[in-house]
Amino acid sequence: MDSYTIGKFCGILVGVVIGIIIVWIALKWSKNDGKVRAKYDERQTAIRGRGYALAFYTTICLIAIYALFLSEVPSFPMMPDIALMIIVFIGVILHVSYCIWNGAYFSLNENKTRVMICFVLVGLLNMVIGINNIIKGSAFTDGKLNIQSLNLICGLLFVAIFLVIFIRKVVPVKDEDEEE
Amino acid sequence: MKNLRLKAARAALDMSQQQLAEAVGVSRQTMNAIEKGDYNPTIKLCRKICRVLGKSLDELFWEEDEADE
């Protein structure tokens, strides 16, 4: 193994460790009781289960459609790696949207304001990096989106989450929001 | 079917849905769904609600129509 490979491996390892530490701190900070684990009540757990199933089957269907019909299309505007990541993100946004809409996204011990602060930071960071990659032109290979555009897609995911939270707050759902 | 007895028992203690939800350890949306009849709670949660409101299971959750069937 040459020194470049060792250096690259060590860099990735340090990045992963720092990432885990940051996520751990963010999870702990976003809880009212200082615990990392989120607590959901029985209805929220059931709703989340349905959300996971919905996201799971949608992801499977989209992957099958992509593999059978789109992966070999020369004019398809993205590389296979980013296409699969976009499908994963579609699954995530479906699950998150379903849970938000049914009041099962935020756990009982979660501080919503702190969670939103984390989301804004992560979303903004990804947006800035993503837009920078677009401007530099590194997000495209032969006119197709490549994996460098992942940050932008991730930023858009957070925009979509904010949008769902906003719509859920603004649009009244029958019999749901009344506090009697 | 709406659980009006639960709503009345909560109102009698001058509790909001949020306060009752916190007392039994669920979200306000869950308490709302139980009152609206959109969610059937487990027996464990029913007992918690009864304990907080000082009522029996029969008083809050027993449906006479169902018993007749």
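All values derive from a computational prediction rather than experimental measurement.

All names here are of chain B. With their axes 8 Å apart at the nearest point, helix α2 (residues 17-24) and helix α3 (residues 28-36) run at an angle of 105 degrees to one another. The angle between α2 and α3 falls in the class roughly perpendicular. Contacts between α2 and α3 involve Gln 17, Gln 18, Leu 20 and Ala 21 from the first element and Arg 28, Thr 30, Met 31 and Asn 32 from the second. Here the contact of α2 with α3 is composed, by residue class, of three nonpolar, four polar and one charged.

This part covers the nonpolar core. One finds Leu 6, Ala 9, Leu 20, Ala 21, Val 24, Val 26, Met 31, Ala 33, Ile 34, Leu 45, Ile 49 and Leu 53 of chain B forming the largest nonpolar core, which totals 12 residues. Residue assignment for this core shows that the elements contributing at least two residues are α1 (4-12), α2, α3 and α4 (43-53) of chain B. Within the second largest apolar cluster, seven residues are counted, among which are Tyr 40, Tyr 98, Cys 99 and Phe 106 of chain A.

Our focus in this paragraph is the interface of chain A and chain B. Listed by partner, the interface residues are 10 residues for chain A and 15 residues for chain B. Looking at the side of chain A that touches chain B residue by residue, the class counts come to one nonpolar, two polar and seven charged.

Conventions adopted
Residues numbered from 1 in each chain as written. Chains lettered and ligands numbered in written order. Predicted model: local features only at pLDDT ≥ 70, side-chain atom pairs only at ≥ 80, totals over all residues. Axes fitted to C-alpha atoms, helices over the stretch in contact; angles between N-to-C directions. Helix = DSSP H or I, 4+ residues; strand = E, 2+ residues; numbered from the N terminus. Parallel < 35°, antiparallel > 145°, perpendicular 65-115°, else oblique. Contact = placed C-beta atoms within 7 Å. Nonpolar A, V, L, I, M, F, W, Y, C, P; charged D, E, K, R; others polar. Core = buried A, V, L, I, M, F, W, Y, C linked by C-beta atoms within 7 Å. Buried ≥ 20, exposed ≤ 12 C-beta atoms within 10 Å, placed from the backbone.

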